[in-house]
Protein chains: 2
Amino acid sequence: MSSNTSVDPPGQAQAQAIHHELRNAENSAAFVLPKLQSMKESNPGLKLLDVGAGSGTITASFAKLLPDGHVTGLDLKAEILPRARTVAEIAGVKNVNFLQGDCKKLPFEDGTFDVVFCHQMLTHMPAPEDALREMLRVTKPGGIVAAREGDFKTEAVYPESPALLKFHKTVATMMGAAGGTETAGRQLLPWALKAGAERTNITLTFGTWLYVTQHEKDTWAGGLITTLKTGVLREKGVKAGLITEEECADMITAWESWAAGESSSISMMHGEIMIQK
Amino acid sequence: MSSNTSVDPPGQAQAQAIHHELRNAENSAAFVLPKLQSMKESNPGLKLLDVGAGSGTITASFAKLLPDGHVTGLDLKAEILPRARTVAEIAGVKNVNFLQGDCKKLPFEDGTFDVVFCHQMLTHMPAPEDALREMLRVTKPGGIVAAREGDFKTEAVYPESPALLKFHKTVATMMGAAGGTETAGRQLLPWALKAGAERTNITLTFGTWLYVTQHEKDTWAGGLITTLKTGVLREKGVKAGLITEEECADMITAWESWAAGESSSISMMHGEIMIQK
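Here the structure is a predicted model, which is why all the values come from computation and not from measurement. (Residues numbered from 1 in each chain as written. Chains lettered and ligands numbered in written order. Predicted model: local features only at pLDDT ≥ 70, side-chain atom pairs only at ≥ 80, totals over all residues. Heavy atoms only, no water.)

So, the relation of the copies chain A and chain B
Both copies of the chain are placed relative to one another by a rotation about an axis and a shift along it. The two copies are related by a screw operation: chain A maps onto chain B through 180° of rotation and 0.0 Å of translation along the axis, at an RMSD of 0.0 Å. Look at the turn and shift together and you get a two-fold axis relating the two. Looking at the rotation axis and the C-alpha trace of chain A, the residue lying nearest is Thr154 of chain A, at 2.3 Å. The overlap is high: 100% of the interface residues of chain A also sit at the interface in chain B, so the same surface is used on both sides. (Least-squares fit on C-alpha atoms with pLDDT ≥ 70 in both. Contact = heavy atoms within 4.5 Å.)

In structure tokens, the structure reads:
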């Protein structure tokens with residue numbers, strides 16, 4: 001999840017930090033990279049904006065791919081920016097800066113960037129077409145807007161169990177209550193049209209993520225167990241009457257045994273959209 | 001769907017022919033191609049078996065990719081073989097032959113092939129691990145078994161409508177009644193383990209298919225409308241009490257308006273497994 005939304009309390013951000021920091025341009029923006037490469041060949045000094053940058057791991061890897069360009073990471077939450085700056089420092093990139101700002105009122109002039117990107121952000125907000133419209137506004141003519149959003153409804157957990165199904169349902173309910181949607185991936189095309197893009201300028205693809213190695217499964221289950229112990233799921237879920245303390249405990253056990261299974265995996269479809277301005 | 005199963009009456013095979021013939025190695029076996037390329041470099045005379053080859057379009061494109069190798073297409077239904085041979089002839093490939101045979105009793109000696117592949121077949125059968133075990137048996141030591149199966153439960157249709165949801169549910173019910181499953185993609189890993197493969201020799205990935213261009217949507221909706229008018233959905237679905245004639249008519253209208261929509265799409269996750277023998 002992105003933190004460019006006001007619904008996640010700090011507990012959630014912490015619990016998701018480890019998972020989020022597995023993300024980079026290669027695994028989360030692969031659909032943009034061939035276009036980025038061809039744009040870079042004619043203009044090495046590309047300017048890229050990463051909206052809802054969170055802890056900045058995707059932002060930093062974009063900066064590595066554009067050594068003669070410049071990358072800006074923007075997030076609604078000022079408190080995540082120091083972590084993003086540290087991530088960039090560890091990655092050894094200097095052509096990057098991080099700013100606080102709202103994706104629905106981007107603090108930039110029209111036509112500032114060659115590439116404007118977001119990842120797992122639109123799924124959490126009401127009226128995501130407003131963010132896409134802003135992203136198009138700050139893109140130069142000839143530039144591109146690219147977005148990749150999970151389609152949470154397609155999440156495939158194996159093996160399933162009543163506790164894991166309840167977990168999925170609880171997360172979906174909380175996303176909906178916060179104004180988000182569990183079908184963002186499949187809605188990218190209609191959102192782009194609503195934002196004013198013409199159909200002929202839009203390319204829609206789908207990608208997947210998958211956690212199946214032991215390290216991936218431990219990381220994924222570990223993050224969720226943390227949020228079930230001390231994060232938003234326990235705090236908000238129990239308070240809202242969506243889950244009981246006992247169900248939290250069952251879900252923790254279920255994620256532990258899922259991670260330990262030899263044949264277990266979790267995967268999800270992601271919609272990927274590229275808009276040529 | 002593959003025709004290497006005894007559940008599809010001829011009406012279904014006809015209705016799906018157009019959709020099936022969009023398939024080729026590039027769009028349906030992309031996850032195998034890098035491995036195939038590297039195997040071909042050390043052994044140009046690779047022998048490949050395509051199990052559940054149906055009308056042979058994937059088989060023929062494998063044959064094109066292996067000009068110095070040989071490809072065998074096998075299908076349970078003898079009546080599809082003439083079409084597969086015509087497809088190969090049109091494609092201009094001569095290094096291919098088609099045979100009738102049962103994927104659970106493959107008519108080959110142990111260790112006959114370098115590569116054994118199937119696509120959208122295991123999802124339709126009870127005990128798919130038996131087919132994978134047979135596929136492993138006829139693979140040479142050092143060869144690979146590769147399978148790609150849809151995970152029908154992840155099908156994402158936009159926009160949704162009651163008629164399209166009912167359509168999805170009806171197909172899922174019929175798949176289940178015929179001994180298949182709507183979660184094949186996520187089950188490839190446990191099936192491979194049951195078939196005797198060791199975890200360290202198995203690679204699981206996920207891919208997607210997507211129909212979003214006008215041509216793709218017309219082809220997809222056209223095939224489904226045919227099956228709703230004269231194919232298995234009307235014949236079997238109505239007889240089994242799963243759908244009414246009126247619901248068939250509603251579904252036809254729903255697919256027509258879906259195909260005509262500017263922002264419509266349909267996508268699905270596919271599990272992809274590669275087993276090193």
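Still more to cover.
Looking at the UniProt feature "domain: Methyltransferase" (unreviewed entry) in chain A
Within this numbering scheme, the UniProt entry marks residues 43–151 of chain A as carrying the feature "domain: Methyltransferase" (unreviewed entry). Helix and strand shares over residues 43–151 of chain A are 28% and 32% respectively, and the end C-alpha atoms of the span are 34 Å apart. (UniProt positions renumbered as here; feature names shortened; annotations may be inferred. Helix = DSSP H or I, 4+ residues; strand = E, 2+ residues; numbered from the N terminus.)

What to know about the interface of chain A and chain B
Every contact between the two is made by 26 residues of chain A and, on the other side, 26 residues of chain B. For the pair chain A and chain B, the summed buried area comes to about 2,300 Å², and 63% of that belongs to carbon and sulfur atoms. The interface formed by chain A and chain B holds four salt bridges in total. As a salt-bridge pair, Arg186 of chain B and Glu160 of chain A come within 3.5 Å of each other at their nearest N and O atoms. The interface formed by chain A and chain B holds four residue pairs in polar contact (both at pLDDT 80 or more) in total. Looking at the side of chain A that touches chain B, the elements that each hand over two or more residues are strand E6 (156–158), helix H8 (184–194), strand E7 (202–211) and strand E8 (265–276) of chain A. The dominant element in the side of chain A that touches chain B, judged by the number of residues it contributes, is E7 of chain A, at six residues. (Buried area = accessible area lost by both parts, 1.4 Å probe. Salt bridge = Lys/Arg side-chain N within 4 Å of Asp/Glu carboxyl O. Polar contact = N/O pair within 3.5 Å; in protein donor to acceptor, adjacent residues only side chain to side chain.)

Focus on the side chain of Arg148 of chain A
Residue and element names in this part refer to chain A. Relative to the elements of secondary structure, Arg148 occurs in strand E5 (residues 139–150). Taking the relative accessible area as the measure of exposure, Arg148 reaches 3% and is therefore buried. Among all residues touching Arg148, those that are not within four sequence positions of it are Asn27, Ser28, Phe31, Cys118, His119, Gln120, Gly207, Thr208, Trp209, His270, Gly271 and Glu272. (Buried < 20%, exposed > 50% of the residue type's maximum accessible area, 1.4 Å probe, protein only.)

Examining helix H10 (residues 232–239) of chain B
Along an α-helix, residues three or four apart share an orientation, since each turn contains 3.6 residues. Residues and elements named next belong to chain B. Val232, Leu233 and Gly237 are the residues of H10 that are buried. Angularly, the buried residues of H10 cover 85° about the axis, an arc narrow enough to put them on a single face. In the segment just after H10, Gly241 is the residue with positive phi, at about 75°. (Arc of directions from axis to C-beta.)

Thoughts on the packing of helix H4 (residues 57–65) of chain A against helix H5 (residues 81–91) of chain A
Residue and element names in this part refer to chain A. Where H4 contacts H5, the two axes come as close as 9 Å, and the packing angle between them is 35°. Judged by the sense of rotation from one axis to the other, the crossing of H4 with H5 is right-handed. Taking contact as the criterion, the partners of Thr57, Ala60 and Lys64 in H4 are, on H5, Val87, Ala88 and Ala91. For the contact of H4 with H5, the per-class residue count stands at four nonpolar, one polar and one charged. (Axes fitted to C-alpha atoms, helices over the stretch in contact; angles between N-to-C directions. Left-handed = near helix turned anticlockwise from the far one by under 90°. Nonpolar A, V, L, I, M, F, W, Y, C, P; charged D, E, K, R; others polar.)

Brief notes about the packing of aromatic side chains
Residues and elements named next belong to chain A. The tally for this structure, following the rule as stated, stands at 14 aromatic pairs over all chains. With a centroid separation of 4.9 Å and an interplanar angle of 25°, the aromatic rings of Trp209 and Tyr211 are classed as stacked. Each member of the pair Trp209 and Tyr211 is classed as buried. Taken together, the ring pairs in this structure connect Phe167, Trp255 and Trp258 into an aromatic cluster. Across from the ring centre of Phe113, 5.6 Å away, lies the NZ or CZ of Lys47, which sits over that ring. (Phe/Tyr/Trp six-rings, centres within 6.5 Å; stacked < 30°, edge-to-face > 60°. Lys NZ or Arg CZ within 6 Å of the ring centre and 35° of its normal.)

Points about the pairing of strand E1 (residues 47–51) of chain A
All names here are of chain A. Burial within E1 is extensive, with four of its five residues counted as buried. Looking at chain direction, E1 and strand E4 (residues 113–119) are connected through four bridges and run parallel. When the bridges of E4 are listed, Asp50 appears paired with Phe117. (Pairing = 2+ DSSP bridges.)

Examining the side chain of Thr208 of chain A
As for its placement among the helices and strands, Thr208 of chain A is situated in strand E7. When its relative accessible area of 19% is taken as the criterion, Thr208 of chain A is described as buried. Only 3.0 Å separates the side chain of Thr208 of chain A from the backbone oxygen of Phe206 of chain B, close enough to count as a polar contact. Beyond its immediate stretch of four places on either side in the chain, Thr208 of chain A contacts Arg148, Met268, Met269 and His270 of chain A together with Phe206, Gly207, Thr208 and Met269 of chain B.

A short note on unusual backbone geometry
Negative phi values dominate among residues other than glycine, just as trans dominates among peptide bonds. Cis rather than trans, the peptide bond between Tyr158 of chain A and Pro159 of chain A has omega equal to -10°. Within the secondary structure, Pro159 of chain A is located in the loop between E6 and helix H7 (162–177). Within the chain, Gln120 of chain B stands out as a residue other than glycine whose phi angle is a positive 50°. Following the sequence through the fold, Gln120 of chain B ends up in the loop between strand E4 (113–119) and helix H6 (128–137). Its relative accessible area of 9% is what places Gln120 of chain B among the buried residues. Here the phi dihedral of Ala127 of chain B falls at roughly 50°; this positive angle occurs in a residue that is not glycine.

Notes on the pattern of salt bridges
A full pass over the atoms with the stated rule returns 20 salt bridges over all chains. A salt bridge links Arg234 of chain A to Glu245 of chain A, with the nearest nitrogen and oxygen atoms 2.2 Å apart. Of this pair, Arg234 of chain A sits in helix H10 (residues 232–239) while Glu245 of chain A sits in helix H11 (residues 245–260), and the two are 11 residues apart along the sequence. For Arg234 of chain A, a relative accessible area of 25% puts it in the partly exposed group. A single salt-bridge network, built from bridges that share partners, covers Asp151, Lys153 and Arg186 of chain A together with Glu160 of chain B.

Some details on the packing of helix H7 (residues 162–177) of chain B against helix H11 (residues 245–260) of chain B
Residues and elements named next belong to chain B. For the pair H7 and H11, interaxial distance at closest approach is 8 Å and the crossing angle is 115°. Judged on the interaxial angle alone, H11 and H7 are roughly perpendicular. With respect to the hand of their crossing, H7 and H11 are arranged in left-handed fashion. Counted together, Ala163, Leu164, Lys166, Phe167 and Thr170 of H7 and Glu247, Asp250, Met251, Ala254, Trp255 and Trp258 of H11 form the full contact between these two elements. Counted by class, the contact of H7 with H11 contains seven nonpolar, one polar and three charged residues. (Parallel < 35°, antiparallel > 145°, perpendicular 65-115°, else oblique.)

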